[in-house]
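A closer look at the structure
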Amino acid sequence: MGYGNGISVTPRKDSHGEIIRGKWFVQVSLGFDGKGGRIRKSCVVSGTKAEAFKRGEQLKREFDMGIDPNADKITFAQFAKKWHANRVEAGELRSRTLEREASRIKRLCGELGNYQLKQITPSAIEAAYSAIKTHPKDPGRTEPLSGTTMNGIHRLLSQIMKAAVNNDFILRNPCERVKAPKKDTKEKEYLSQEEAARLTATLNQSEKVAYSQLQEKENRMHAAGKRYSRSSVYGIKELSCLMAVRLALTTGARGSEVFGLAWENVAADCSSIEIKQTLTVQGKIEPPKTEKSNRAISLDKVTARHLKRWRDVQGALLRTLGIKNLAAAPVCCSNTGSWFGRMNFIHWLHAWNEKNGFSFTMHTLRHTHATLLLGEPGITVKQVQKRLGHSSATTTWDTYGHFIEDKDDEAAEVFGAILSAKTA
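Note that this is a predicted model, so its numbers are computed, not measured.

**Side note on the overall build of the protein**
Counting its regular elements, the protein contains 14 helices and seven strands. Long-range pairs, those at least 24 residues apart, make up 62% of the contacts in the protein between residues at least 6 apart in sequence. With an accessible surface of roughly 23,900 Å², the protein has 51% of that area assigned to carbon and sulfur atoms.

**A few points about the nonpolar core**
One finds L199, V245, L307, V331, F345, F360 and L365 to be the most contacted residues of the largest nonpolar core, which totals 48 residues. For this core, the secondary-structure elements that each account for two or more residues are α6 (193-223), α7 (236-251), α8 (255-259), β4 (272-275), α9 (301-320), α10 (342-356) and α11 (362-374). At ten residues, α7 tops the list of elements feeding residues into this core. If near-sequence neighbours (up to four positions away) are discounted, F360 is found in contact with L191, L199, V245, L349, W352, N353 and L365. Within the second largest apolar cluster, 30 residues are counted, among which are W83, L117, A128 and Y129.

**What to know about the packing of aromatic side chains**
Scanning all chains against the criterion turns up eight aromatic pairs. Judged by centre distance (5.7 Å) and plane angle (80 degrees), the rings of F79 and F169 are edge-to-face. Linking F79 in helix α2 (residues 76-90) with F169 in the loop between α5 (147-166) and α6, this pair joins segments that are 90 residues apart in sequence. Here F79 and F169 have matching classes, each one buried. Taking 5.9 Å as the distance between ring centres and 20 degrees as the angle between the ring planes, the aromatic pair formed by W348 and W352 counts as stacked. Taken together, the residues span about one helical turn, with W348 and W352 both in helix α10 at a distance of four residues. Residues W348 and W352 agree in their burial class; the two are buried. Clustering of aromatic rings is evident, with ring pairs tying together F259, F340, F345, W348, W352, F358 and F360. Between R198 and the ring centre of F358, over which it is positioned, the NZ or CZ distance is 3.9 Å. The ring of Y211 carries R309 above its face, with NZ or CZ at 3.7 Å from the centroid.

**Focus: the packing of α7 against α10**
Close contact between α7 and α10 brings their axes to 11 Å; oriented N to C, the two are set at 80 degrees. Our classification of the angle between α7 and α10 gives roughly perpendicular. Residue-level contacts link K237, E238, C241, L242, A244 and V245 of α7 to F345, W348, L349 and W352 of α10. For the contact of α7 with α10, a count of residues per class yields eight nonpolar, no polar and two charged.

**Remarks on the sheet that holds strand β2 (residues 19-32)**
Pairing is antiparallel across the open sheet formed by three strands, whose spatial order is β1-β2-β3. Each of the sheet's edge strands pairs with one partner strand only, and the pair in question is β1 (7-13) and β3 (38-46). This sheet shows a mean twist of 25 degrees between the axes of neighbouring strands, independent of strand direction. Taken together, the six bridges between β1 and β2 define a ladder with antiparallel strand orientation. Paired with K13 across the bridge in β2 is I19.

**Side note on unusual backbone geometry**
Among all residues save glycine, negative phi is the norm, and among peptide bonds the norm is trans. Positive phi outside glycine occurs at C270, with the angle close to 60 degrees. With respect to the helices and strands, C270 occurs in the loop between α8 and β4.

**Regarding the packing of α11 against helix α12 (residues 381-388)**
Interaxial distance between α11 and α12 falls to 10 Å at its minimum, and their mutual angle equals 160 degrees. Judged by the inter-axis angle, α11 sits roughly antiparallel to α12. As α11 runs across α12, the sense of the crossing is right-handed. Where α11 abuts α12, its residues R366, H369, A370, L373 and L374 lie against V381, V384, R387 and L388. Taken together, the residues of the contact of α11 with α12 break down into six nonpolar, one polar and two charged.

**Some points on a positive patch on the surface**
Judged by side-chain charge, R96, R100, R155, K183 and K289 come together as a positively charged surface patch. Secondary-structure assignment places K183 in the loop between α5 and α6. Residue K183 is classed as partly exposed on the basis of its relative accessible area, which comes to 47%.

Criteria and thresholds
Residues numbered from 1 in each chain as written. Predicted model: local features only at pLDDT ≥ 70, side-chain atom pairs only at ≥ 80, totals over all residues. Heavy atoms only, no water. Helix = DSSP H or I, 4+ residues; strand = E, 2+ residues; numbered from the N terminus. Contact = heavy atoms within 4.5 Å. Areas by Shrake-Rupley, 256 points an atom, 1.4 Å probe, with all protein chains shown as cover. Core = buried A, V, L, I, M, F, W, Y, C linked by side-chain atoms within 4.5 Å. Buried < 20%, exposed > 50% of the residue type's maximum accessible area, 1.4 Å probe, protein only. Phe/Tyr/Trp six-rings, centres within 6.5 Å; stacked < 30°, edge-to-face > 60°. Lys NZ or Arg CZ within 6 Å of the ring centre and 35° of its normal. Axes fitted to C-alpha atoms, helices over the stretch in contact; angles between N-to-C directions. Parallel < 35°, antiparallel > 145°, perpendicular 65-115°, else oblique. Nonpolar A, V, L, I, M, F, W, Y, C, P; charged D, E, K, R; others polar. Pairing = 2+ DSSP bridges. Left-handed = near helix turned anticlockwise from the far one by under 90°. Patch = residues over 30% accessible without salt bridge, like charges linked within 9 Å, V, L, I, M, F, W, Y side chains within 5 Å. Salt bridge = Lys/Arg side-chain N within 4 Å of Asp/Glu carboxyl O. Lys, Arg positive; Asp, Glu negative; His and termini not counted. Charge placed at Lys NZ, Arg CZ, Asp CG, Glu CD.

Take it as geometry only, folks, not as evidence of what the structure does.
Structure follows, in structure tokens:
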């Protein structure tokens, strides 16, 4: 039976041409496309004839409001995977960012993948978040996901659904009506001044032993006529790891930046380094995290002296491997002179920490550098921001503001002393 307004409702028939009771075939005429072809939308509705007509009116209203007529054919999984593929193809994001994004999309698809885009409601999202948080499905993980991770998943889903709005598949982003999971407020771990001093002394001793052992081994290799034409030099790794820890502590550079550092980015007198690239966990050389992460960092004289000695020793060792272009070589390299495997370093650091009574990570050293600097008179947030490569001083303040605020009592005493001196 036909109705006006471009909506047609007819009884649904089976393969034998018999009418199926309570089933209706709804077809809506939605005008013409750019080539003159008629745009039609159809569906099957169970219920009364009036209910079928109401469904036709709904389809027409959605089209008039700008919703794509094929929206109900597209699932969240289809749209999200295509959206991610486009971002990969654009090549504008770091591989680590894209890999994390793909992992989170996979988890979201596990809960929302079969939903049509317009079926995703705030309540469906909240149920998905609950399932994802309590059942992370990561190998070897049993505890719930952190609030910070869940916040990241929420922001990603909101991005995807916003793209669906922009593509006219849905009218409104349902994430806007879902409260974002709260980020964790875990206090940043850092070494005290005394711990940092002990770490420096331990590094000096470990470095002394490593150089001594390396020299003894090289003397034996030279005596045996095996010093050259080797595929690897045992001992380079140990000194590279020690240098990586030293640089992370004294510069505040990220671990990926330390391991992405090449000698061509080190000043001739080793008084500074330039951060121009990073080494990912997957072993890829990529640009720094942000534009502000491209920066020069000055080194103290002691660190410069250690770095200069390592450059001379490493250069001689790499020549025995047939590597003559030291400028392009990694400052912290493997025993073969290649870029260092980040996971190999993590295993080394775990063993070194246990041996020497520490429990820090490379990021702990970054926080230590910033926190100890901010505790010194005359050091500004802007100076620390520049050394850390934060995108703005606001980021530095948000990260370390609690520590700065903790120094308020000291600031009051200093100001009181100023006034006393002026009035004395």
